[in-house]
Amino acid sequence: MKEAKRLASLPPYLFARIEEKLEEAKKKGVDVINLGIGDPDQPTPEHIVQALITHAQNPENHRYPTSKGLLEFRTSVASWYQRRFGVELDPESEVVTLIGSKEGIAHISFCYLQEGDVALIPDPGYPVYGIGSALAGAENYIMPLKEERGFLPDLADIPSDVARKAKLMFLNYPNNPTGAVAGKEFFEEVVEFARNYDIIVCHDAAYTEITFDGFSAPSFLEVEGAKEVGIEFHSLSKTYNMTGWRLGWAAGNSEVIRALGTLKSNLDSGVFQAIQQAGIAALEGPQDCVEKMRQLYKERRDAVVEGLRRLGCHLEPPKATIYVWAPVPGDYTSTDFAELVLEKAGVVITPGIGYGKFGEGYFRISLTVDKERIQEGLKRIEQALGKLY
Ligand SMILES: *Cc1c(COP(=O)(O)O)cnc(C)c1O
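Before going into details, it helps to say that this report is about the structure given with it. Computed from a predicted model, the values in this text were never measured in an experiment.

### Overview of the site of the ligand
Residues in close proximity to the ligand total 14 residues, the closest being D204, Y207, S237, K238 and R246. S235 has a polar side-chain atom sitting 2.6 Å from an oxygen atom of the ligand. Interatomic distance of 2.6 Å between a side-chain N/O atom of R246 and an oxygen atom of the ligand. Looking at the shell around the ligand residue by residue, the class counts come to four nonpolar, six polar and four charged.

### A look at the sheet that holds strand β12 (residues 362-366)
What the three strands build is an open sheet, ordered β9-β12-β11; its pairing is antiparallel. Either end of the sheet is taken by a strand with one partner, and the two such strands are β9 (323-327) and β11 (350-351). In this structure, β11 lies alongside β12, joined through two bridges in antiparallel fashion. Across the sheet, T350 pairs through a bridge with R364, a residue of β12.

### A word on the sheet that holds strand β6 (residues 200-204)
Neighbouring strands of a sheet are bound in pairs by backbone hydrogen bonds; such pairs are parallel or else antiparallel. Read from one edge to the other, the open sheet built from seven strands follows the order β2-β8-β7-β6-β5-β3-β4, with strand pairing classed as mixed. Two strands close off the open sheet at either side, each with one partner strand: β2 (95-98) and β4 (139-144). Between one strand axis and the next, the sheet turns through 20° on average, direction left out of account. Strand direction decides the pairing type here: strand β7 (residues 230-235) and strand β8 (residues 248-252), joined by five bridges, are antiparallel. The partner of H234 across the bridge, within β8, is W249. Helix α6 (residues 128-135) rests against β3 (118-123), β4, β5 (166-172) and β6 of the sheet, and its axis sits at about 160° to β3.

### What about the packing of helix α5 (residues 101-112) against helix α10 (residues 254-265)?
Packing of α5 against α10 brings their axes to within 9 Å, and their N-to-C directions diverge by 100°. Here α5 is positioned roughly perpendicular relative to α10, judged by the angle of their axes. Across from E103, G104, H107, I108, F110, C111 and Y112 in α5, the residues of α10 making contact are E255, V256, A259, L260, L263 and K264. Partitioning the contact of α5 with α10 into residue classes produces eight nonpolar, two polar and three charged.

Reading the values: rules and limits
Residues numbered from 1 in each chain as written. Predicted model: local features only at pLDDT ≥ 70, side-chain atom pairs only at ≥ 80, totals over all residues. Heavy atoms only, no water. Near = heavy atom within 4 Å. Polar contact = N/O pair within 3.5 Å; in protein donor to acceptor, adjacent residues only side chain to side chain. Nonpolar A, V, L, I, M, F, W, Y, C, P; charged D, E, K, R; others polar. Pairing = 2+ DSSP bridges. Helix = DSSP H or I, 4+ residues; strand = E, 2+ residues; numbered from the N terminus. Axes fitted to C-alpha atoms, helices over the stretch in contact; angles between N-to-C directions. Contact = heavy atoms within 4.5 Å. Parallel < 35°, antiparallel > 145°, perpendicular 65-115°, else oblique.

Printed below as a string of structure tokens:
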């Protein structure tokens with residue numbers, strides 16, 4: 001059966017070899033330590049689960065939800081933005097509920113991009129930005145994220161003819177996979193650039209709540225003029241360990257929010273209302289669970305940084321996210337290094353090339369397993385491969 005061209009535009013799956021090797025190792029009985037998983041290992045806090053149970057019992061919630069989401073949930077999002085960032089949002093026109101933020105990130109491209117348009121895509125980055133735009137028929141212009149610039153794109157480097165054709169720009173801070181953070185000055189620069197070239201900014205803010213060492217991540221929408229040029233995607237997935245629930249939102253420019261809502265009303269029927277009610281419980285309930293989670297990830301982050309130091313790699317500990325992004329030692333490609341580490345030490349790490357060509361030369365370690373397992377994993381690498389750097 002002949003597939004449509006747009007399917008052929010999907011990038012090849014880069015982790016297939018690693019997954020094969022992982023299966024082989026498991027079959028041989030190796031106790032593999034998987035530091036490649038980007039999915040929180042902790043359960044959703046109990047009060048949120050209880051809210052789902054209660055609201056699942058209400059027959060009013062058993063019918064089709066509206067695709068843009070319960071006004072009650074969107075109001076809860078707006079008050080959270082007010083409390084957390086001092087940002088005013090109109091829940092009616094400036095917030096739309098998403099079936100996890102990935103859904104909106106993929107669909108926004110279908111609202112604004114067609115053949116002949118350009119999307120500005122960060123590299124390395126979450127693959128969904130460039131996949132959504134490619135499926136919509138646009139051309140991706142890669143914005144390299146380089147270590148010497150703190151993994152922020154150099155907007156001055158984007159040729160003006162490209163910028164004029166660009167309709168969307170994707171950004172993500174705190175950043176997956178690099179763990180980099182952005183300040184308001186950078187967002188101010190982005191707003192000015194977007195105004196000059198009439199570009200819609202799509203900021204993915206999935207990790208603003210997972211920060212360490214007293215750092216508090218800003219929202220893109222805090223910056224003056226941001227709401228005129230863009231939207232922000234957010235999610236309950238990482239903040240409340242709710243990846244499986246599929247609940248997120250987009251907030252910001254009302255015209256863009258309306259466009260996304262219109263597309264969605266033709267494609268999906270929204271999020272189960274009891275899950276949106278549980279989302280309200282998450283946003284409005286006690287927040288000590290979030291503080292506990294930060295503490296847990298911080299201890300794990302410190303264990304990774306310490307383990308890497310023993311290997312000879314001296315890193316600035318990342319201020320945010322559930323990842324540590326480290327340079328590959330020696331002359332290995334990131335894929336060869338990941339395969340070597342899996343074969344010799346029984347540890348899975350993610351090769352940077354999986355996040356784009358500017359991810360080559362790096363690997364990613366996830367903080368989604370116990371500190372003890374992280375320590376053991378890094379010790380095994382040290383014992384199997386010695387000082388690497
Ligand atoms: C995990 C993650 C998300 C969240 O996706 P959901 O669909 O909301 O679960 C969004 N962006 C990035 C970069 C992520 O790593």
